Amino acid sequence: MDKNAKIYVAGHRGLVGTALMRNLRAKGFDNFVTRTHAELDLTSQAAVEEFFAAEKPDYVFLAAAKVGGIHANNTYPAEFIRDNLAIQTNIIHAAYKNDVKRLLFLGSSCIYPKLAPQPMKEEHLLTGELEPTNRPYALAKIAGIEMCWSYNRQYKTQCLAVMPTNLYGPGDNYHPENSHVIPAMVRRFHEAKLANSPSVAVWGTGTPKREFLYSDDMADACVYLMNLPDEKFVPLLGQDRNDGLAPLVNVGVGHDLTIRELAETVKNVVGYSGEIVFDSSKPDGTPRKLMDVGRLSAMGWQATTPLEQGLASAYRDFQALEAR
């Protein structure tokens, strides 16, 4: 990407978007076009097409999405499939119509089957049943990957999908019910510490294993991929490929830990001294979700932020939000 290129980060105020903006600015990019949800409804095809026609961005990072944890996915399945399908469909099509050079579509590791072989490779997509608790969201993201692939094949667009593992970091959503596991734990342990509560309840048995990637590492991987030279980037797109491999790259750290181990780590970072109680009446979700990051590693990128360091940064961010 040329330093003067116009870059549109869709969802620039979320966990992913803010990390992308920080990374791009640190690398010398400053020609951004952004819109808040109040300024541009990405579920409106007419509004999105008008925006692209007026702004003509050169590069697009599609980080806008409706996201949430198990509770949110179970409570609002209609919104999760409807809004995500609308957002990604409108942006990918408008990018094609307005000659965007490259588009990076952010997905999620939940696109892979519930019982996929571990670690999960890109070729495991669509090889088994999805986890029921987030199937509407996962199906929307799978449709986005297929749309990128279809447009690459038919129109020779350059749309690449990246599938980050579970993310955390500054700018996360700490809602008490609709947040993901790390921000939910940060809030619970923090509030328990302030209240001197004897114990904190954590959903599930504590046995599922999860991989966690610091948001700034994720952003660095995305910008790294977007900056690849044509001879490395174009072969990823599946424009003429007949081997069945989608334009898809996993982004993760390559190792995981149990929810019990995660809870203990968050407890230590927050400084809570009580007990952890696991509520086995609540769903565990997928038993294990470890990404195979061999494809990305072979291109020369690896994550660098240790979990405790990233959690400490996330906790400082949460405390700053609470102090406002």
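See the structure printed just above.
Residues numbered from 1 in each chain as written. Predicted model: local features only at pLDDT ≥ 70, side-chain atom pairs only at ≥ 80, totals over all residues. Heavy atoms only, no water.

(A) Up close: the packing of helix α1 (residues 15-26) against helix α7 (residues 215-226). Where α1 meets α7, the closest approach of the two axes is 8 Å, and the angle between their N-to-C directions is 60°. Along this stretch, α1 crosses α7, giving a crossing that reads as right-handed. Of the residues in α7, those touching α1 at L15, V16, A19, L20, R22, N23 and L24 are S215, D216, M218, A219, D220, C222 and V223. Here the residues of the contact of α1 with α7 are counted per class, giving nine nonpolar, two polar and three charged. (Axes fitted to C-alpha atoms, helices over the stretch in contact; angles between N-to-C directions. Helix = DSSP H or I, 4+ residues; strand = E, 2+ residues; numbered from the N terminus. Left-handed = near helix turned anticlockwise from the far one by under 90°. Contact = heavy atoms within 4.5 Å. Nonpolar A, V, L, I, M, F, W, Y, C, P; charged D, E, K, R; others polar.)

(B) Representation of unusual backbone geometry in the model. Residue P119 is bonded to the preceding Q118 through a cis peptide linkage, with omega at -5°. The topology assignment puts P119 in the loop between β4 (102-106) and α5 (135-155). Although it is not a glycine, K56 sits at a positive phi angle of roughly 50°. With respect to the helices and strands, K56 occurs in the loop between α2 (45-55) and β3 (59-62).

(C) Structural view of α5. Between its terminal C-alpha atoms α5 stretches 29 Å, which fits the 30 Å expected from 21 residues at 1.5 Å a residue. Backbone geometry just after α5 places K156 at a positive phi near 60°. (Expected span 1.5 Å × (residues − 1).)

(D) View of the sheet that holds strand β2 (residues 32-33). In space, the six strands of this open sheet follow the order β2-β1-β3-β4-β5-β10, with parallel pairing throughout. Looking along the sheet, the strands with just one partner apiece sit at the ends: β2 and β10 (248-251). Relative to β3, strand β1 (residues 7-10) runs parallel, the two being bridged by four bridges. Within β3, the residue paired with Y8 across the bridge is V60. Strand contacts of α7: β3, β4, β5 (159-164) and β10, with the helix running at about 150° to β4, the strand carrying the most contacts. (Pairing = 2+ DSSP bridges.)

(E) Main features of the pattern of salt bridges. Tallied over the full model, the rule gives 14 salt bridges. Residue E55 is joined to K6 by a salt bridge in which the shortest nitrogen-to-oxygen separation is 3.2 Å. Taken together, the residues span a long stretch of sequence, with E55 in helix α2 and K6 in the segment before β1 at a distance of 49 residues. Across the pair D240 and K156 runs a salt bridge, and its minimum N-O distance is 2.8 Å. A residue pair is termed long-range when its members are at least 10 positions apart, and D240 in the loop between α8 (230-233) and β10 and K156 in the loop between α5 and β5 qualify at 84 residues. You can call K156 partly exposed: its relative accessible area is 42%. Each of K6, R35 and E55 takes part in a single network of salt bridges with overlapping partners. (Salt bridge = Lys/Arg side-chain N within 4 Å of Asp/Glu carboxyl O. Buried < 20%, exposed > 50% of the residue type's maximum accessible area, 1.4 Å probe, protein only.)

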